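Fold and geometry: a report
Each chain, letter by letter, is given below.
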Amino acid sequence: MPHPLLQPPLITLTTDFGLTDTYVGVMKGVIYAIAPDARLVDLTHDVTPQNILEASARLEAAVDYFSPGTIHVIVVDPGVGSERAACVVQTEIALFVAPDNGVLTLPLRHQAPERAVRLTERAQPYFRQPLSATFHGRDVFAPIAAHLAAGVPLDALGDEVPPDNLVRLPLPVPYTTHNAKGRPRLLLHVLYVDRFGNLITDLERSEWERWQTGLQTQGADTKTASITVQAGSRRWQSLARTFADVSPGEPLAYWGSGGRLEIAVRDGNAARLLPLAPGDTLTITL
Amino acid sequence: MPHPLLQPPLITLTTDFGLTDTYVGVMKGVIYAIAPDARLVDLTHDVTPQNILEASARLEAAVDYFSPGTIHVIVVDPGVGSERAACVVQTEIALFVAPDNGVLTLPLRHQAPERAVRLTERAQPYFRQPLSATFHGRDVFAPIAAHLAAGVPLDALGDEVPPDNLVRLPLPVPYTTHNAKGRPRLLLHVLYVDRFGNLITDLERSEWERWQTGLQTQGADTKTASITVQAGSRRWQSLARTFADVSPGEPLAYWGSGGRLEIAVRDGNAARLLPLAPGDTLTITL
Amino acid sequence: MPHPLLQPPLITLTTDFGLTDTYVGVMKGVIYAIAPDARLVDLTHDVTPQNILEASARLEAAVDYFSPGTIHVIVVDPGVGSERAACVVQTEIALFVAPDNGVLTLPLRHQAPERAVRLTERAQPYFRQPLSATFHGRDVFAPIAAHLAAGVPLDALGDEVPPDNLVRLPLPVPYTTHNAKGRPRLLLHVLYVDRFGNLITDLERSEWERWQTGLQTQGADTKTASITVQAGSRRWQSLARTFADVSPGEPLAYWGSGGRLEIAVRDGNAARLLPLAPGDTLTITL
């Protein structure tokens, strides 16, 4: 039994549209025309354009803080106008309206999907007409979210599919090894690069803590042991708390807002300096 | 008979204030003090400072998507503190509150004005006092919009003027000619330059499609014919769909968010590179 | 007797989080979960990171325009995770929820505090749990503001302290002197540097007008007298109205959005060019 939608409805928006153009404002106009009492929250409109994985990671860090019954609309949609499907996914605490392009991969690790619907022709009456080829945020995702908020059931929008059939992004995972001297070493990967050139890795803080606990049970003194981070052409000791912990131009590793280890260069661009790209490996050695 | 205002009121804001300062937030505080149940939507606050034509074009592309009865407030106002008038314009589906400086030129092509009022001393009781010389967004436009939302009639604010008497921006229009070889050629003009140096032209997509249809009826095969764009110092073939279609540093022509042909340089500034300025001519030859 | 809170509640947000990350959106999700009918206004999220004085000055210029009974939440909090206290301050027209780090210094010059409470363990039930070490915007300030909006009394949150015991920022003040030729001279100080390198001074417009009136009563003709501004390595005549009044690369002095004299360099960075830093002195000579 899914959680009922909030009344008045709460709809969040996540896009790569930026706020300079009127795209986001127009989506809100479309929503208010259908669900006049909706409350709207901007999660972010600054996703790096067409970076599905970044959008997915930003959502993952945010959706848990919203009341059960919230509707999340995501429009990071490089396939707009192609054959990619649009979907509505219901979890135990939320509804997601998004292109079926993998953008829900990470939030759905936190909130197990209960039902998934791929939009079909049945949803056409709920689209904005004429349907444009390039702005489905306005013509598909905003109106579908608003109609859901106004009480349209999932069944009316398309065919139910097993949630496992939704497109998922391939995700690297960190793993443990040892260096030549037998010291424990964690291999991480660059998950995505944000618009500032910061590298967001696949290492989550909870996993890091589990790793440290595991080493402690093996007798390692993780509290006093020094850490070596090796990322691309650079190597340094210790994790930083803030950018101010290092000099301008120097790299640092820190726990980012999404709960993942991030690599940045103070006043610089880590992706370019090191250089590293999504999928590349880096290591932390104890 | 005009469409009644929405209840609860819906007010959109368009300014060149940016979001770093608290100007926009303060305008919202002023609105909520007068119309506590208003719903507020930011269209954009990133209009290039004092670029009335850009604001007008951004509005044109956006206002059609809002419910009948919406109030649009526009504060792009280089004449603030001078003798320029402020106006309220009622169309069949919206109310506009703006300086009478031409900023409504383009939206009023879509929504024919039914009534126009220039604010006079009669509006003074609805202004914020003391009236500043520089921030009429806070002291004039926000409170007037909120009082309209709260039920104050247009008559109470000033003198009715024929809508044709409102200030209009001079607008270039594209026109058809032929090149030396007799091929059909469209002459366009730069309408405005946005803050990224992109050139927005006076060619609307609908006009382009009409032009192509016209050529087809004359026997031209517009589907397979190649296109040559000549803009300033550069010339290239074909329209692009996205920036990714060209290499960094290369120019491209594409249909922009407002439905107009735009010229940009990937990772660069078209206005400076080509160089071109508002009013300059460019051509598309079939 | 304090002004009752607005119904529905009105809550403003001021942070240094920016809008690229989802921090601000998450704070709104937390607020809506507790106070579903709240109206939310963003004052600014572009305070220079950790610049408490800048946040204080931005607030000072804004809070007077909100209805009595508004709740202002401020999260510019370099001491997060340390022993710094959090506080709720009630003035005759507003409630402030903020770290007790001096950020309220300037707004409290306009709105005399009537009651101040430092949060203690008593407030724990109103925090988000688990309480993070780094994101008190989400875990402390947003939920406390929302609970206040929902009717929780100040007493329930901590111990009342004399408002004079709140942390205050040391503030420079402008003062009058004379130059070698006996001409009246005003010594100002840089209050803070914003993210564009503009220098915001401690000279308020009202004080400037008082100074001019004072000189007039002493027989000076302040209307026609020329003004010399000396700031760091540069010296120039007259105050400007807008950036367009000077050439690119040239410095100017103008009345900023917060009612203070500001020094900028057109298309440049005044803090770096002149160079000047917070606390440094500059002069205006008549």
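Procedures and definitions
Residues numbered from 1 in each chain as written. Chains lettered and ligands numbered in written order. Predicted model: local features only at pLDDT ≥ 70, side-chain atom pairs only at ≥ 80, totals over all residues. Heavy atoms only, no water. Least-squares fit on C-alpha atoms with pLDDT ≥ 70 in both. Contact = heavy atoms within 4.5 Å. Salt bridge = Lys/Arg side-chain N within 4 Å of Asp/Glu carboxyl O. Buried < 20%, exposed > 50% of the residue type's maximum accessible area, 1.4 Å probe, protein only. Helix = DSSP H or I, 4+ residues; strand = E, 2+ residues; numbered from the N terminus. Polar contact = N/O pair within 3.5 Å; in protein donor to acceptor, adjacent residues only side chain to side chain. Core = buried A, V, L, I, M, F, W, Y, C linked by side-chain atoms within 4.5 Å. Buried area = accessible area lost by both parts, 1.4 Å probe. Pairing = 2+ DSSP bridges. Axes fitted to C-alpha atoms, helices over the stretch in contact; angles between N-to-C directions.

Both copies of the chain are placed relative to one another by a rotation about an axis and a shift along it. Superposing chain C onto chain A requires a rotation of 120° together with a translation of 0.1 Å along the rotation axis, leaving an RMSD of 0.1 Å. Taken together, the turn and the small shift mark the pair as related by a three-fold rotation axis. For chain C, the minimum C-alpha distance to the rotation axis belongs to Arg39(C) and amounts to 5.2 Å. In this assembly the copies use different faces: only 6% of the residues contributing to the interface of chain C also contribute to that of chain A.

In this structure the tally under the stated criterion is 42 salt bridges over all chains. One salt bridge in this structure joins Arg84(A) and Asp77(A), with 2.7 Å as the shortest N-O distance. Taken as a pair, Arg84(A) and Asp77(A) share a single burial class, namely buried. Between Asp159(C) and Arg122(C) there is a salt bridge, and its shortest N-O distance comes to 2.4 Å. Of this pair, Asp159(C) sits in strand E7 (residues 158-161) while Arg122(C) is found in the loop between strand E6 (113-119) and helix H4 (136-149), placing the two residues 37 residues apart along the sequence. Judged by relative accessible area, Asp159(C) falls into the partly exposed class, the value being 40%. Overall, the relative accessible area of 39% leaves Arg122(C) in the partly exposed class. Among the charged side chains, a salt-bridge network with shared partners connects Glu60(A), Arg109(A), Glu204(A) and Arg260(A).

As a further point, take the side chain of Asp77(B). Residue and element names in this part refer to chain B. Tracing the sequence through the fold places Asp77 in the loop between strand E3 (70-75) and strand E4 (86-91). Among the residues examined, Asp77 registers a relative accessible area of 10% and is labelled buried. Within the structure, Asp77 has its side chain in polar contact with the side chain of Arg84 (distance 2.7 Å). The residues contacting Asp77, other than those within four sequence positions of it, are Arg84, Pro99, Asn101, His136 and Phe141.

The biggest cluster of nonpolar side chains holds 67 residues, and the ones touching the most others in it are Val73(A) and Ile144(A). Once you skip the residues sitting within four places of it in the chain, Ile144(A) turns out to touch Val88(A), Val97(A), Leu119(A), Ala123(A), Tyr126(A), Phe127(A) and Leu157(A).

Another aspect to go through is the interface of chain A and chain B. If you look at the interface, chain A gives 16 residues, while chain B gives 17 residues. Summed over both partners, the interface of chain A with chain B comes to about 1600 Å²; 56% of that surface belongs to carbon and sulfur atoms. Broken down residue by residue, the surface that chain A buries against chain B is led by Thr20(A), Thr22(A) and Tyr32(A), which jointly contribute 36%. Taken together, the connections running from chain A to chain B amount to 1 salt bridge. The residue Arg58(B) makes a salt bridge to Asp21(A) at a minimum N-O spacing of 2.7 Å. Here chain A and chain B share 7 residue pairs in polar contact (both at pLDDT 80 or more) between them. Take the side of chain A that touches chain B: its biggest share by element is 8 residues, from helix H1 (residues 23-34) of chain A.

Below, the discussion takes up the pairing of strand E3 (residues 70-75) of chain A. Residues and elements named next belong to chain A. Burial analysis of E3 places 6 of its 6 residues in the buried class, the great majority of the element. The alternating pattern of E3 places Thr70, His72 and Ile74 and Ile71, Val73 and Val75 on opposite faces, both of which are buried. Relative to E3, strand E1 (residues 10-15) runs parallel, the two sharing 5 bridges. What sits directly across from Leu13, in E3, is Val73.

Let's shift gears to the sheet that holds strand E2 (residues 39-44) of chain B. Residues and elements named next belong to chain B. Taken together, 7 strands build an open sheet; the order of strands is E2-E1-E3-E5-E4-E6-E7 and the sheet is mixed. The open sheet has two free edges, formed respectively by E2 and strand E7 (158-161), since each of these has just one partner strand. Shown here is a sheet whose adjacent strand axes are inclined to one another by a mean of 20°, direction ignored. Pairing analysis gives 5 bridges linking E4 to strand E5 (residues 94-99), with the strands arranged antiparallel. Across the sheet, Val88 pairs through a bridge with Val97, a residue of E5. In the packing of helix H1 (residues 23-34) onto the sheet, contacts are made with strand E1 (10-15), E2 and E3, and the angle to E1 comes to roughly 155°.

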